[in-house]
Amino acid sequence: MRIWDPAVIDVCDRHLLGEHRELHAVWSILTTGKRGYARHPETLRWGGRLAALYARHDEQVKEMRRRGFRHRGPLEAALATGDRRERELLDSIDAQRARLARAACACRF
């Protein structure tokens, strides 16, 4: 489970779409009380920060549309509460960029 922190414009299609799927999973867990992956570090870091998660989703959707992908999974804006900025990273942005650079993909790092 991974929601990246570098700018969405820099990640390849595969990582952008994968992150988008995972963001929807985290959103679902946090907004419906589902237990699967509820204790996962990626899920825990977004607790109390649904507004920030919502903002990241908006960035993803804009980038997906720019690349020609269709988006059919809006998030409910009324649930976007809490902190509007993500302040708790699992890895530094530099470490995430290095990880993506090693992935042998089209990410721009």
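Values in this document were obtained by computation on a predicted structure and should not be read as measured data. (Residues numbered from 1 in each chain as written. Predicted model: local features only at pLDDT ≥ 70, side-chain atom pairs only at ≥ 80, totals over all residues. Heavy atoms only, no water.)

*Asks:* I tried to follow the side chain of H15 on my own but got confused; where do I start?
*Replies:* In this fold, H15 is placed in helix α1 (residues 13–32). A polar contact is formed between the side chain of H15 and the side chain of R14, at a distance of 3.5 Å. (Helix = DSSP H or I, 4+ residues; strand = E, 2+ residues; numbered from the N terminus. Polar contact = N/O pair within 3.5 Å; in protein donor to acceptor, adjacent residues only side chain to side chain.)

*Asks:* Please explain the state of the cysteines as it appears in this structure.
*Replies:* Note on terminology: a disulfide is the covalent bond linking the sulfur atoms of two cysteines. All told, the structure shown has zero disulfides when counted by the stated rule. For the unlinked cysteine C12, the closest cysteine sulfur is that of C107, found at 3.6 Å. Note on C105: no disulfide assigned, nearest cysteine sulfur contributed by C107 at a separation of 3.5 Å. Since its relative accessible area comes to 25%, C105 is described here as partly exposed. (Disulfide = S-S within 2.5 Å. Buried < 20%, exposed > 50% of the residue type's maximum accessible area, 1.4 Å probe, protein only.)

*Asks:* Sorry, what's going on with the nonpolar core here?
*Replies:* The tendency in soluble globular proteins is for nonpolar side chains to be buried side by side. I3, L23, V26, W27, W46, L50, A52, L53 and L75 form the largest nonpolar core, which has nine residues in total. Elements represented by at least two residues in this core include exactly α1 and α3 (50–66). Ignoring any residue separated from it by four or fewer positions in sequence, one finds I3 in contact with E19, E22, L23, V26, E42, R45, W46, L53, R56 and Q96. Within the second largest apolar cluster, eight residues are counted, among which are W4, V11, M64 and C107. (Core = buried A, V, L, I, M, F, W, Y, C linked by side-chain atoms within 4.5 Å. Contact = heavy atoms within 4.5 Å.)

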